[in-house]
Amino acid sequence: MMKSLMRESTLSHPDYTKARGRRNALGALFSLALLLVAANPLSLVAQQQAPTLDRAELMVFARAHIAMNEARDEFHAEMGSTHEEQARARARAAFEEKVVSIFSEHELAQDDYERIVLIVSLDATVRELLEEIMTELATQSPANDG
């Protein structure tokens, strides 16, 4: 009687040997995820040690940023007021030229502008300093802006 029960119990269990490959793949995937998570603090440390910006660099960036926002607002207003595709294409081209002009005017490369945007987004101290500068510039008259 006992023998028949044992035979029945072993036959009623599914064969997991085919699933072993899936388990191994899942284990490898889990190990890779664990490695990525373990490596993540290193990238956080690298971000925390990102170069800071001084007030002069942020002043140049802030002036370019203000000009960029004004150009963007003008562009969006023009795009909203026209539905003709040729006029919209001209507006896009004019905006792209304006962006190039802004970078040139402020002696700032687009890569540097984007790098500063990244630093500002990651560093609360730099962001606070930029906000202070932006407030300062907003209260100045255009004649004193130079």
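Before reading on, note that the structure itself is shown above.
Note that the coordinates shown come from a computational prediction; the quantities given were computed from them, not determined experimentally.

Enquirer: Tell me about unusual backbone geometry, and please be specific about residues and values.
Expert: A positive phi angle, close to 50°, is found at E107, a residue other than glycine. For E107, a relative accessible area of 74% corresponds to the exposed category.

Enquirer: Got a sec to walk through the packing of helix α3 (residues 55-81) against helix α4 (residues 85-105)? Specific residues and values, please.
Expert: Remark: α3 packs on α4, axes separated minimally by 10 Å, with the N-to-C direction vectors making an angle of 175°. Considering the angle they form, α3 stands roughly antiparallel to α4. Each of A64, A67, M68, A71, R72, F75, E78 and M79 in α3 lies in contact with α4, whose residues at this interface are R88, A91, R92, F95, K98, V99, I102 and F103.

Enquirer: For the packing of aromatic side chains, give the residues involved together with the corresponding values.
Expert: Counted under the stated rule, the structure contains three aromatic pairs. Centroid distance F61 to Y113: 4.9 Å. Interplanar angle 35°. Geometry classified as tilted. Taken together, the positions of F61 in helix α3 and Y113 in helix α5 (residues 110-122) put the pair 52 residues apart, joining distant regions of the chain. Of the residues examined, F61 reaches a relative accessible area of 3% and is grouped as buried. Take Y113: its relative accessible area is 9%, and that puts it in the buried class. Each ring, one from F75 and one from F95, has its centre 4.8 Å from the other, and the planes form 25°; the classification is stacked. Of the two residues, F75 is situated in helix α3 and F95 in helix α4; the sequence distance between them amounts to 20 residues. On the accessibility criterion, F75 (16% relative accessible area) is buried. According to the relative accessible area criterion, F95 is buried, its value standing at 19%. The rings of F61, F103 and Y113 are connected pair by pair, giving a single aromatic cluster.

Enquirer: Lay out the nonpolar core with the relevant residues and their values.
Expert: Counting residues in hydrophobic clusters, the biggest one holds 25 residues, and the most contacted among them are L58, Y113 and I116. Mapped by element, the contributors of at least two residues to this core are α3, α4, α5 and α6 (124-139). The element best represented in this core is α3, accounting for 10 residues. Those residues in contact with Y113, other than ones at most four positions away along the chain, are F61, A64, H65, M68, F103 and L108.

Enquirer: Any chance you could break down the side chain of T82 for me, citing the residues and the numbers?
Expert: When you line up the elements, T82 lands in the loop between α3 and α4. Excluding anything up to four places from it in sequence, T82 contacts A87 and R88.

Enquirer: Please set out α4 residue by residue, giving values where relevant.
Expert: If you check α4, its first and last C-alpha atoms are 30 Å apart, about what 21 residues at 1.5 Å a residue would give, namely 30 Å. Listed in full, the buried residues belonging to α4 are A87, A91, F95, V99, I102 and F103. Projected down its long axis, α4 shows its buried positions confined to an angular sector of 150°, all on one face. Away from its buried face, by an angle of more than 90 degrees, α4 presents the exposed residues Q86, R90, E96, E97, V100 and S104. Packing partners of the buried residues in α4 comprise α3 and α5.

Enquirer: I'd like to hear about the pattern of salt bridges, residue by residue, with values.
Expert: Once their charged atoms are close, side chains differing in charge can pair, the charge on each being opposite to the other. Applying the stated criterion across every chain yields a total of four salt bridges. Taking the shortest distance from any N to any O, the salt bridge between E132 and R55 comes out at 3.4 Å. Linking E132 in helix α6 with R55 in helix α3, this pair joins segments that are 77 residues apart in sequence. By relative accessible area, which is 44% here, E132 ends up partly exposed. With its nearest N and O atoms 3.9 Å apart, the salt bridge here joins R115 to D112. Taken together, the positions of R115 and D112, both in helix α5 and three residues apart, correspond to about one turn of that helix. Connected through shared salt-bridge partners, R55, E132 and E136 make up one network.

Cut-offs and rules
- Residues numbered from 1 in each chain as written.
- Predicted model: local features only at pLDDT ≥ 70, side-chain atom pairs only at ≥ 80, totals over all residues.
- Heavy atoms only, no water.
- Buried < 20%, exposed > 50% of the residue type's maximum accessible area, 1.4 Å probe, protein only.
- Axes fitted to C-alpha atoms, helices over the stretch in contact; angles between N-to-C directions.
- Helix = DSSP H or I, 4+ residues; strand = E, 2+ residues; numbered from the N terminus.
- Parallel < 35°, antiparallel > 145°, perpendicular 65-115°, else oblique.
- Contact = heavy atoms within 4.5 Å.
- Phe/Tyr/Trp six-rings, centres within 6.5 Å; stacked < 30°, edge-to-face > 60°.
- Core = buried A, V, L, I, M, F, W, Y, C linked by side-chain atoms within 4.5 Å.
- Expected span 1.5 Å × (residues − 1).
- Arc of directions from axis to C-beta.
- Salt bridge = Lys/Arg side-chain N within 4 Å of Asp/Glu carboxyl O.

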